[in-house]
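Observations on the model geometry
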Amino acid sequence: MLNQNYEPLNVCNVRRAFVLLDRGKAEIIENGRGYLHTTTALFEIPSVIRLIYLIRRPRPQGRLTRRDVFLRDHFMCQYCGKQTRDLTLDHVLPRHRGGAHTWENVVAACKGCNHRKAGRTPQEAHMLLPKDPFRPTYSFFRSFYPYIESNEGWRKFIPGIEAEFGFA
Ligand SMILES: [Zn+2]
């Protein structure tokens, strides 16, 4: 779903898209997600819609969530480099030893590595991090990242995404 000024806003489901279109609150920019059959008609399912009115973009949140950490770390275990969706959050300096729950002290770790590291520091466990964890600069478009691999047609609507992901 694009804002009136073509900025991407969010990803909505088909039902919501049809409701917005039906009420005249949005227009179709691109079709291409197949067809919806009803008993009386056949509708093309929109891939990209645009709101008729400009709405205020939600404020950046900058929260520290598991998901945001995994996104920052590109869904890659920071200890062994394995790319997986089956990740855990590891506190680099363990919490019971005073490690903070901050961007600078959490990394994505696969279950194996998290288990192996246990309550130790990377030095003690001989599992050194390739780079220090950092607070990411907030990117509004980050919320679209999980979708862009399988939605090539959306990339041109999301500024900077081609460069970031090397699709260019
Ligand atoms: Zn690992």
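Our structure's up above, just so we're on the same page.
To start, this report covers the structure provided alongside it. (Residues numbered from 1 in each chain as written. Predicted model: local features only at pLDDT ≥ 70, side-chain atom pairs only at ≥ 80, totals over all residues. Heavy atoms only, no water.)

Things to note about the coordination of the zinc ion
Our working definition: With water omitted from the atoms examined, metal sites may look incomplete; donors here are N, O and S atoms no farther than 2.8 Å from the metal, or 3.2 Å in the case of Na, K and Ca. Metal sites are grouped by the angles between bound donors: all angles between 85 and 135 degrees with four donors is tetrahedral, opposite donors over 155 degrees apart with the others between 65 and 115 is square planar for four donors and octahedral for six, and any other pattern is irregular. Numbering goes from the N terminus for both helices and strands, where a helix is a DSSP run of H or I of at least four residues and a strand is a run of E of at least two.
The coordination sphere of the zinc ion, as far as protein atoms go, consists of Cys-77 (SG), Cys-80 (SG), Cys-110 (SG) and Cys-113 (SG), spread over 2.3 Å. Around the zinc ion sit four donor atoms; with metal-centred angles ranging over 103 to 116 degrees, the donor geometry is tetrahedral. Going along the chain, you hit the donors of the zinc ion in the pattern C-x2-C-x29-C-x2-C. Of the two residues, Cys-80 sits in the loop between α2 (66–72) and β3 (87–91) while Cys-113 sits in helix α3 (residues 111–117), which places them 33 residues apart along the sequence.

Considering the nonpolar core
For the record, the criterion: To define a nonpolar core, start from buried Ala, Val, Leu, Ile, Met, Phe, Trp, Tyr and Cys residues and group those joined through side-chain atoms within 4.5 Å. Accessible area is worked out with a 1.4 Å probe on protein chains only. A residue is then buried under 20% of its type maximum, exposed over 50%, and partly exposed in between. Contacts: residue pairs with any heavy atoms within 4.5 Å of one another.
Phe-70, Cys-77, Tyr-79, Leu-87 and Cys-113 are the most contacted members of the largest nonpolar core, which totals 20 residues. The set of elements that each furnish at least two residues to this core consists of α2, β3 and β4 (106–110). With five residues, the top contributor of residues to this core is β4. Residues contacting Phe-70, with those up to four places away along its chain left out, are Phe-75, Leu-87, Thr-88, Leu-89 and Ala-108. Core analysis: the next-biggest nonpolar cluster, separate from the first, contains eight residues, Met-1, Ala-17, Leu-20 and Leu-21 among them.

Brief notes about the packing of aromatic side chains
For clarity, the cut-off: By convention, a stacked pair of Phe, Tyr or Trp rings (six-membered ring in the case of Trp) has centres within 6.5 Å and planes under 30 degrees apart, an edge-to-face pair has planes over 60 apart, and any other such pair is tilted. Look at NZ for Lys and CZ for Arg. If either is within 6 Å of the ring centre and within 35 degrees of the ring normal, a charge sits over the ring.
If you walk through the whole model with that rule in mind, you get three aromatic pairs. Measuring from ring centre to ring centre gives 6.2 Å for Tyr-147 and Trp-154, while their planes differ by 50 degrees; the resulting arrangement is tilted. Residue Trp-154 is classed as buried on the basis of its relative accessible area of 13%. Directly above the aromatic system of Phe-134 lies the positively charged group of Arg-72, at a separation of 5.4 Å from the ring centroid.

With respect to the pairing of β3
For the record, the criterion: When DSSP finds two or more bridges between two strands, those strands count as paired.
With five of its five residues buried, β3 lies for the most part within the structure. Residues Leu-87, Leu-89 and His-91 point to one face of β3 and Thr-88 and Asp-90 to the other, with burial holding for every one of them. Bridging between β3 and β4 involves five bridges; their strand directions are antiparallel. Its bridge partner being in β4, Asp-90 is matched across the sheet by Val-107.

Re the side chain of Arg-50
Condition: Definition of a polar contact: a pair of N or O atoms within 3.5 Å, with one able to donate and the other able to accept a hydrogen when the atoms are protein atoms, and with sequence-neighbouring residues admitted only if both atoms are side-chain atoms.
Examined against the element boundaries, Arg-50 turns out to sit in strand β2 (residues 42–51). According to the relative accessible area criterion, Arg-50 is buried, its value standing at 15%. Polar side-chain contacts of Arg-50 include one of 2.8 Å to the backbone oxygen of Gln-4. A polar contact of 2.7 Å, which involves the side chain of Arg-50, links it to the side chain of Glu-27.

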